[in-house]
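The primary structure of each chain is shown beneath.
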Amino acid sequence: MSSNFKIKEATVVNEQAQPILTHERSLSHKIAQGSEAGDILDQQMIMLGIQLVTQLNVLIKTSRIYDRTNAALDKPVDTMLTLIKTMAHDHPVTLRLQNDFLFLGESHLKVTAQQMAVVTSFIDALNVWKIGGVSFAYTAESKDLREFAALFVTLDPDNNSIDDFRREITGRGINGIELEEQREVQINEGAESGDNKGSGTAENKSTGDTASADPNAQRKGNAKNGYAKVAGSVGTLTQSAREGGTVNFKQAKRAIQNIVDLMMDDEATVLGLTTLRCHDQYTHNHSVNVSLLSIALANRAGYPKAELADLGLAALFHDLGKSTIPIEVLNKPGEFTDEDWVAMRNHPTEGVLALSKLRGITNLPGRMAAASFEHHMNLDFSGYPKLSVPWTASLTGRILTIADCYDAMTSSRVYRREPMSPSKVLNMMFSKSGKAFDAVLLKLFVNCVGIIPIGSMVMLDTSELAVVIKPALDKVNAERPFVKVITDSQGSPIDQGREIDLTEKDETGSFRESIIRLIDNTEYKFDTSRYFV
Ligand SMILES: [Fe+2]
Ligand SMILES: [Fe+2]
């Protein structure tokens, strides 16, 4: 870490005060935006932002039990004040909620699995009030925070609007805290895809701003929302499974059913969301991605439609056995010890045990058990667990093996491997077709993600860089997917790049544009996911 940053003790009365990571206030002015030091600063701000959310959440919860002057409120209030003074020197620090994602100002607050419960609880609290943002100014004081939290828990959101809440804030002389309303997300992608016949004209582009009127943008918004909901519920469920609590699958099942419906409508958009894997830090994103990929593959394999949501749910919990592995081991930065590996290899079996112990799940569906037990076994039993009795892997297990491997290999977090580009992963998987993987299912899987998979970065013959957003409709032209242009021919990023169907031909009958090479987006550490969501 740069020596410009220092760890400063928080000025907190409580003896259990956590050291708060802070930075010199003047530094943000000195550091040029976009420089490496600027990135460190951003990261620090995000860490501080998560602490702010955590403390605000504690403050609200504590205020439900104790009066505003109670000493139990001291710690969260004092810590929050330190954070606010650190972060809000130029302008107020704002926590924003958009489509169930939290932002600090304009930066997405990416949180770890452990922070998930807190963030979900905070998001729920804001949603009850339809609050889209809370901002804290440098001038806010202890009494303001206490009074605000008291209002938050005493006013009844059923009978009061956010405007009533604001009036109370002013009426009680609360200074330095403001509420923002929830905003509809604007997705301003130049969203003409191959579905819209005769696309790509200037008129189409100029109407692209009205996101609500644009069915493509709306679909993307819905898909993103759906993903966030599944991610939210898997976070909550994993947490309660870890704590041995009662698990309510209803919400997760509803969220998955929603995803299935969206997928029937537009598979490519939903699968595009799985490219979030490269950068988002939710460890359970892996579970959501595996679930989405399994649903898509199962659908193509002729799985009964009515059972796709069940399969998705089973896939969502394929790694539940990992909840028996200590978090320190899962998050270990270094190499695993032999002991760690033993624990890791036991997770499929532990998963079945954990599922059977869950309260709230009355009879363990066979599919869920199979998903957990078989997902690392491999078709040729080269994986684990090793069995001494003959075994035939279920269709669910074989689907899961493919979806799990694909997402794990393309993601940077699972088993701490370096991520591989999607097309390298597909090549590697094909080398094991018929051995580790069911050959027929693997072929069907390629139909879902494309031979040049969704999320791949490519260079076009115009020298522009583009990202693959959808497999080609026609298998004959499999190497001509739909792409979205993301840079100009000089390599400078552009927004609102055009979406191209690479099978389109010009007047002379030759293809308008073609891919000349694949770019390894993992090498360039390029976040392609932002072009989907
Ligand atoms: Fe696993
Ligand atoms: Fe997995």
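Above: the structure in question.
Okay, so let's go over this structure. All values derive from a computational prediction rather than experimental measurement. (Residues numbered from 1 in each chain as written. Chains lettered and ligands numbered in written order. Predicted model: local features only at pLDDT ≥ 70, side-chain atom pairs only at ≥ 80, totals over all residues. Heavy atoms only, no water.)

## Comments concerning the overall build of the protein
Then step 1. A tally of regular secondary structure across the protein gives 19 helices and 12 strands.
Then step 2. Within the protein, the proportion of its 533 residues that are buried is 51%.
Then step 3. In the protein, once contacts between residues fewer than 6 apart in sequence are set aside, the share between residues at least 24 apart is 66%. (Helix = DSSP H or I, 4+ residues; strand = E, 2+ residues; numbered from the N terminus. Buried < 20%, exposed > 50% of the residue type's maximum accessible area, 1.4 Å probe, protein only. Contact = heavy atoms within 4.5 Å.)

## Brief notes about unusual backbone geometry
Then step 1. Here the amide bond leading from Tyr384 into Pro385 is cis, since omega sits at -5°, within 30 degrees of zero.
Then step 2. Mapped onto the fold, Pro385 is located in the loop between helix 16 (366-374) and helix 17 (395-410).
Then step 3. Positive phi is not limited to glycine here, since Lys130 has a value of about 55°.
Then step 4. Position of Lys130 relative to the elements: it lies in the loop between helix 4 (113-128) and strand 6 (131-136).
Then step 5. Judged by its relative accessible area of 56%, Lys130 falls in the exposed class.
Then step 6. Notably, Ser463 is not glycine yet its phi reads approximately 75°, a positive angle.
Then step 7. Tracing the sequence through the fold places Ser463 in the loop between strand 8 (457-460) and strand 9 (465-470).
Then step 8. Accessibility expressed as a relative area gives 34% for Ser463, which makes it partly exposed.

## Comments concerning the coordination of the iron ion (ligand 2)
Then step 1. Those protein atoms acting as donors to the iron ion (ligand 2) are His286 (NE2), His318 (NE2), Asp319 (OD) and Asp404 (OD), and they sit at 2.1 to 2.3 Å.
Then step 2. Taken together, the four donor atoms coordinating the iron ion (ligand 2) span angles of 79 to 171° at the metal, a pattern that classifies the geometry as irregular.
Then step 3. Here the donor residues for the iron ion (ligand 2) map to a single chain with the spacing H-x31-H-D-x84-D.
Then step 4. A separation of 3.3 Å is found between the iron ion (ligand 2) and the iron ion (ligand 1), which are bridged by Asp319. (Donors = N, O, S within 2.8 Å, 3.2 Å for Na, K, Ca; no water. Tetrahedral: all angles 85-135°; square planar, octahedral: opposite > 155°, others 65-115°.)

## Concerning the packing of helix 11 (residues 285-300) against helix 17
Then step 1. One way to put it is that helix 11 packs onto helix 17 with a least axis distance of 9 Å and a crossing angle of 135°. Regarding the angle of helix 11 to helix 17, the classification is oblique. Read as a crossing pair, helix 11 and helix 17 show a hand that is right-handed. For the pair helix 11 and helix 17, contact is made by His286, Asn289, Val290, Leu293, Ser294, Leu297 and Ala298 and by Ile399, Leu400, Ile402, Ala403, Asp404, Tyr406, Asp407 and Ala408, respectively.
Then step 2. A breakdown of the residues in the contact of helix 11 with helix 17 according to their chemical character gives 10 nonpolar, three polar and two charged. (Axes fitted to C-alpha atoms, helices over the stretch in contact; angles between N-to-C directions. Parallel < 35°, antiparallel > 145°, perpendicular 65-115°, else oblique. Left-handed = near helix turned anticlockwise from the far one by under 90°. Nonpolar A, V, L, I, M, F, W, Y, C, P; charged D, E, K, R; others polar.)

## Some details on the coordination of the iron ion (ligand 1)
Then step 1. Here the iron ion (ligand 1) is held by Asp319 (OD), His347 (NE2), His375 (NE2) and His376 (NE2), and the distances to it run 2.1 to 2.2 Å.
Then step 2. Each of the four donor atoms around the iron ion (ligand 1) contributes to a set of angles spanning 82 to 172°, which defines the coordination as irregular.
Then step 3. Written as a sequence motif, the donor residues of the iron ion (ligand 1) are D-x27-H-x27-H-H.

## Re the packing of aromatic side chains
Then step 1. Tallied over the entire structure, the rule returns eight aromatic pairs.
Then step 2. An aromatic cluster of three or more residues is present, and its members are Trp129, Phe136, Phe148, Phe152 and Phe165.
Then step 3. Sitting over the ring of Tyr384, Arg345 keeps its end group 5.8 Å from the ring centre.
Then step 4. A cation over an aromatic ring shows up here: Lys470 above the ring of Phe482, its NZ or CZ 4.8 Å from the ring centre. (Phe/Tyr/Trp six-rings, centres within 6.5 Å; stacked < 30°, edge-to-face > 60°. Lys NZ or Arg CZ within 6 Å of the ring centre and 35° of its normal.)

## So, the sheet that holds strand 10 (residues 482-485)
Within a sheet, adjacent strands bond to each other through the backbone by hydrogen bonds, running parallel or antiparallel.
Then step 1. The five strands lie next to each other as 11-10-9-8-12, forming an open sheet whose pairing is antiparallel. Two strands lie at the open edges of the sheet, namely strand 11 (499-501) and strand 12 (515-519), each paired on one side alone. Within the sheet, the average angular offset between the axes of one strand and its neighbour, ignoring direction, is 40°. (Pairing = 2+ DSSP bridges.)

## Details of helix 16
Then step 1. Within helix 16, seven of the nine residues are buried, which leaves the element mostly enclosed by the surrounding structure.
Then step 2. What helix 16 keeps buried is the set Met368, Ala369, Ala370, Ala371, Ser372, Phe373 and Glu374.
Then step 3. Elements in contact with the buried residues of helix 16: helix 9 (249-265), helix 12 (308-316), helix 15 (347-357) and helix 17.

## Digging into the packing of helix 12 against helix 16
Then step 1. Contact geometry for helix 12 and helix 16: axes closest at 8 Å, N-to-C directions at 40°. On the basis of the axis angle, helix 12 is oblique to helix 16. As for how helix 12 packs across helix 16, the hand of that crossing is right-handed. For the pair helix 12 and helix 16, the contacting residues are Asp310, Leu311, Leu313 and Ala314 in the first and Arg367, Met368 and Ala371 in the second.

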